[in-house]
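Each chain is listed here by its residues.
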Amino acid sequence: MADARKPVTLHRLQDMHRSGEKIAMLTCYDASFATLLDEAGVDILLVGDSLGMVLQGEPTTTPVSLASMEYHTRCVARGNRSAWLIGDLPFGSYHASPEQAWHSSLKLMQAGAHMVKLEVSDWAVETVRFLTARGIPVCAHLGFTPQTVSSLGGYKVQGRGEAGELVKAQARAFVQAGAQMLLFEMIPAALAAEITAESAVPVIGIGAGKACSGQVLVLHDMLDVGAGRKPKFVKNFMAGSASIQQAVARYVAEVKAGQFPDDALHAFQ
Ligand code: KIV
């Protein structure tokens, strides 16, 4: 029963990573879904800036404001009892300086987040060090980073070939800087498997293969809500489910059993 579940802590997530128990994570933007996902056993709720696309109808996540992220983090925190709650820092809210990142993170933490997520590249190592040294738990989002889709030249797999060494070095640098979680989007499954095997902290994947410590999907994608073609790494869990609750429970069960993702269908080489 959900009421009986102990709060998911950073220590618990670390233990899961070390023991190989898979971590199930989904995006969440409101109190009703927070309760539903928490009761279904989702370990981590991510208030993702994907809300710009799935709630606000924007073409990308770039226009999302810090005020929107703060509002939705507060909504999710009210509905959640035991899941670990991550708030996404939106584009422009942490790039100018570590101090700016601190003030933005504080808003999300005060709205109820337990950790903040930043889309990072080399420039952000000092920012992550600054935040974690001051008590803000950080998830570093690497690989494909949607906020910078324009400069990356579109929705492309990152870290193929020689670029894989750079991604591995970045993973090490962010963990050394204090990041307590890594999230990899759209990198080859074999690369994610190597990084997960050597990582001291949990590695969450989206389009990064089944070897990661855990998986995340955008809620609306896995419930098949919204028009348009879904990315290759998405599975429609509503297909064959009688309710949203059942679809979410199947997602949790398949992640925990290592059945989702199926690398033949949902991963990149
Ligand atoms: O904003 C979001 O939903 C995310 C996921 C794609 C990981 O960052």
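The structure displayed is predicted, hence computed values, not measured ones.

Student: How should I be thinking about helix H1 (residues 10–19) in this particular structure?
Tutor: Helical geometry note: an α-helix holds 3.6 residues per turn, so side chains three or four residues apart project in the same direction. For H1, the complete set of buried residues consists of Leu-10, Leu-13, Gln-14, Met-16 and His-17. Across the axial projection of H1, the buried residues extend over an arc of 160°, all falling on one side. For H1, the exposed residues set more than 90 degrees away from the buried face come down to His-11, Arg-18 and Ser-19. Directly beyond the C-terminal end of H1, a positive phi value near 90° is found at Gly-20.

Student: Please clarify how the nonpolar core should be interpreted in this entry.
Tutor: The nonpolar side chains of a soluble globular protein tend to be buried, and buried together. In this structure, Phe-174, Phe-184 and Tyr-251 are the most contacted members of the largest nonpolar core, which totals 84 residues. Residue contributions to this core peak at five residues, all from helix H11 (residues 244–256).

Student: Hey, could you run me through the side chain of Asp-88 in this one?
Tutor: With respect to the helices, strands and loops of the structure, Asp-88 is situated in strand S3 (residues 84–88). At 2.8 Å, the side chain of Asp-88 and the backbone nitrogen of Asp-49 are in polar contact. At a separation of 2.9 Å, a polar atom in the side chain of Asp-88 contacts the side chain of Lys-117. Sequence-distant contacts of Asp-88, that is, excluding residues within four places in its chain, are made with Leu-46, Val-47, Gly-48, Asp-49, Met-69, Leu-108 and Lys-117.

Student: What exactly am I supposed to notice about the pattern of salt bridges here?
Tutor: Should their charged atoms come close, side chains of opposite charge can pair. With the rule as written, the count across this model stands at 14 salt bridges. The partner of Asp-15 in a salt bridge is Arg-18, with the nearest N and O atoms 3.5 Å apart. Residue Asp-15 and its partner Arg-18 are both found in helix H1; the two are separated by three residues, about one turn of the helix. On the basis of relative accessibility, which here comes to 59%, the residue Arg-18 falls in the exposed class. Two residues, Glu-198 and Arg-172, come together in a salt bridge whose shortest N-O distance is 2.8 Å. With Glu-198 in helix H9 (residues 189–198) and Arg-172 in helix H8 (residues 163–176), the pair connects residues that are 26 residues apart, well separated along the chain. By sharing partners, the salt bridges in this structure join Arg-5, Arg-12, Glu-21, Asp-38, Asp-43 and Lys-256 into a single network.

Student: Would you take a moment to explain the site of the ligand for this structure?
Tutor: What surrounds the ligand is the set Thr-27, Leu-46, Gly-48, Asp-49, Ser-50, Asp-88, Lys-117, His-141, Leu-183, Glu-185, Ile-206 and Val-218. Here Asp-49 contributes a side-chain N or O atom positioned 2.9 Å from an oxygen atom of the ligand. At 2.5 Å, a side-chain N or O of Ser-50 approaches an oxygen atom of the ligand. The fraction of the free accessible surface of the ligand (260 Å²) that becomes covered by protein chains is 96%. In terms of residue class, the shell around the ligand is made up of four nonpolar, four polar and four charged.

Here is what the cut-offs are and how they apply
Residues numbered from 1 in each chain as written. Predicted model: local features only at pLDDT ≥ 70, side-chain atom pairs only at ≥ 80, totals over all residues. Heavy atoms only, no water. Buried < 20%, exposed > 50% of the residue type's maximum accessible area, 1.4 Å probe, protein only. Helix = DSSP H or I, 4+ residues; strand = E, 2+ residues; numbered from the N terminus. Arc of directions from axis to C-beta. Core = buried A, V, L, I, M, F, W, Y, C linked by side-chain atoms within 4.5 Å. Polar contact = N/O pair within 3.5 Å; in protein donor to acceptor, adjacent residues only side chain to side chain. Contact = heavy atoms within 4.5 Å. Salt bridge = Lys/Arg side-chain N within 4 Å of Asp/Glu carboxyl O. Near = heavy atom within 4 Å. Areas by Shrake-Rupley, 256 points an atom, 1.4 Å probe, with all protein chains shown as cover. Nonpolar A, V, L, I, M, F, W, Y, C, P; charged D, E, K, R; others polar.

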